[in-house]
Amino acid sequence: MMRIMLITKDHRVMQLSSFSELDDPKAHVQWYWVDFCEPTEEESKLLDDYFHFHPLAIEDCMLYLQRPKMDHYEDVHFLVLHAIDERTLEATEVDLFIGKNFLVSYHQQPHQEVNQAWEKVRHKPHTEAHGNLHAAYAVMDELVDQYFPALQAIEDQLLEFETEGTNEQNFRSNLNHVFDIRNKLLKLRKTFVPMRDLLYRLLNTQRIEALPHYHLFFTDIYDHLLKLAEMVDSNRDMTSDLRDHYMSINSNRMNEIMKTLTVITVIFMPLTFIAGIYGMNFSNMPELQWHAGYFLVLIVMAVLSVGMYAWFKGKGWFE
């Protein structure tokens, strides 16, 4: 699907259905925005046939998924942006071509953020010649604003862990959940950090002449991305603490088990030793002829067991 928004020199906003209307001299074009949403093959060819964009930029649009970046081709500036699916946290690509008096957006999937930016511009367009740069800002702002709910949902899960505390009964599932959250944060970080670097380059480039008029707007987006990157790092530190906490609990539990088994083994060692001696069945063993020998050995074993238990308890092994 392709849609065209035209802002005329007399400050009118028009929705066009074809490029022939755009090329009409009577259109009095101030600037315009062409949005390619889930474009067909014929519509995609317009990037070359009508706009004559650089082949490398067109190739980047067709190849999915590119890293967020900015390239300059003569008088056209090409931006690759990422949108986030709030449910899956998967990144999808949104491409922008910023020309002298136009903006072209290209995305192979529908994005509510682009639609919201479209409606904002349609109801309150910037009618100056570089209003297309404001439209590009509106798209980027909507995309970045959508990052916050995805990250805040993960923060809520971490806060729930902190509130509920540690449940040793569900140790394995809790630890798997922590690693799952870390994987989600890594997915977000792979989007936030390149987008932050892209905004940094955009703010410091000298290639876009009208950029000083919107420097504060793009700085605001950059500040949001800085905050998002800091939130991701903070949450990853929190998951590291939770992971170490659960691992220390598991280690402590293993130590308790090993200590219990060690105590049992040490108590049974002398008993096994005594039983081993009197189980050798040598004929010349005088104790074997004692009438009360069996009961005496049992008493010795019991005294040894109780004595060793009391000794271990005195040393605090059972605390």
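An unreviewed UniProt entry annotates the chain as Magnesium transport protein CorA originating from Paenibacillus albus. The UniProt entry for the chain carries this comment under Sequence similarities (unreviewed entry): "Belongs to the CorA metal ion transporter (MIT) (TC 1.A.35) family." Among the UniProt annotations of the chain, the heading Function (unreviewed entry) holds the following wording: "Mediates influx of magnesium ions."

Visitor: Any chance you could explain a nonpolar patch on the surface here in plain terms?
Guide: A surface patch of nonpolar side chains, about 570 Å² in accessible area, is lined by Met254, Ile257, Met258, Leu261, Ile264 and Phe268. Secondary-structure assignment places Phe268 in helix α8 (residues 215-277). Of the residues examined, Phe268 reaches a relative accessible area of 48% and is grouped as partly exposed.

Visitor: Which parts of the structure should I look at to understand unusual backbone geometry?
Guide: Apart from glycine, the bulk of residues carry a negative phi angle, and the bulk of peptide bonds sit in the trans form. The phi dihedral of Glu38 is positive, around 50°, even though this residue is not glycine. Within the element layout of this structure, Glu38 appears in the loop between β3 (29-37) and α2 (41-49). The partly exposed category is assigned to Glu38, whose relative accessible area is 46%. Here His52, not a glycine, exhibits a phi torsion of approximately 60°, which is positive.

Visitor: Any chance you could explain the sheet that holds strand β5 (residues 76-84) here in plain terms?
Guide: Pairing between the strands of a sheet is mediated by backbone hydrogen bonds and can be parallel or antiparallel. In spatial order, the strands read β2-β1-β3-β7-β6-β5-β4; together these 7 strands make up an open sheet with mixed pairing. Only two strands of the sheet have a single neighbouring strand rather than two, namely β2 (13-16) and β4 (69-73). On average, each strand axis in the sheet is tilted by 20° relative to the strand beside it, whichever way the strands run. Relative to strand β7 (residues 102-107), β3 runs parallel, the two sharing 6 bridges. Paired with Val34 across the two strands is Val104, which belongs to β7. Here helix α3 (residues 55-62) sits on the sheet and contacts β4, β5, β6 (91-98) and β7; the angle it forms with β6, its principal contact strand, is near 155°. Against the sheet, helix α5 (residues 131-145) makes contact with β3, β5, β6 and β7, and its axis sits at roughly 170° relative to β6, the strand it touches most.

Visitor: Explain α3 to me, please; I cannot follow it from the model alone.
Guide: Owing to its 3.6 residues per turn, the α-helix brings residues three or four apart onto one side. Among the residues of α3, those classed as buried are Ala57, Ile58, Asp60 and Cys61. When α3 is viewed along its axis, its buried side chains cluster within an angular range of 155° and face the same direction. If you follow the buried residues of α3, they end up packed against α2, β4, β5, β6 and β7.

Visitor: Honestly, the pattern of salt bridges in this entry has me stumped. Any pointers?
Guide: Oppositely charged side chains are able to pair whenever their charged atoms sit close together. Under the counting rule described, the total for this entry stands at 13 salt bridges. With a shortest N-O distance of 3.4 Å, Lys69 and Asp71 are connected by a salt bridge. On the accessibility criterion, Lys69 (23% relative accessible area) is partly exposed. According to the relative accessible area criterion, Asp71 is partly exposed, its value standing at 21%. A salt bridge links Asp180 to Lys184, with the shortest nitrogen-to-oxygen separation between them at 3.7 Å. Taken together, the residues span about one helical turn, with Asp180 and Lys184 both in helix α7 (residues 171-204) at a distance of 4 residues. By relative accessible area, Asp180 is classed as partly exposed at 34%. In the salt-bridge network here, residues are joined through shared partners; they are Asp60, Lys69 and Asp71.

Cut-offs and rules
- Residues numbered from 1 in each chain as written.
- Predicted model: local features only at pLDDT ≥ 70, side-chain atom pairs only at ≥ 80, totals over all residues.
- Heavy atoms only, no water.
- UniProt positions renumbered as here; feature names shortened; annotations may be inferred.
- Patch = residues over 30% accessible without salt bridge, like charges linked within 9 Å, V, L, I, M, F, W, Y side chains within 5 Å.
- Areas by Shrake-Rupley, 256 points an atom, 1.4 Å probe, with all protein chains shown as cover.
- Salt bridge = Lys/Arg side-chain N within 4 Å of Asp/Glu carboxyl O.
- Helix = DSSP H or I, 4+ residues; strand = E, 2+ residues; numbered from the N terminus.
- Buried < 20%, exposed > 50% of the residue type's maximum accessible area, 1.4 Å probe, protein only.
- Pairing = 2+ DSSP bridges.
- Axes fitted to C-alpha atoms, helices over the stretch in contact; angles between N-to-C directions.
- Contact = heavy atoms within 4.5 Å.
- Arc of directions from axis to C-beta.

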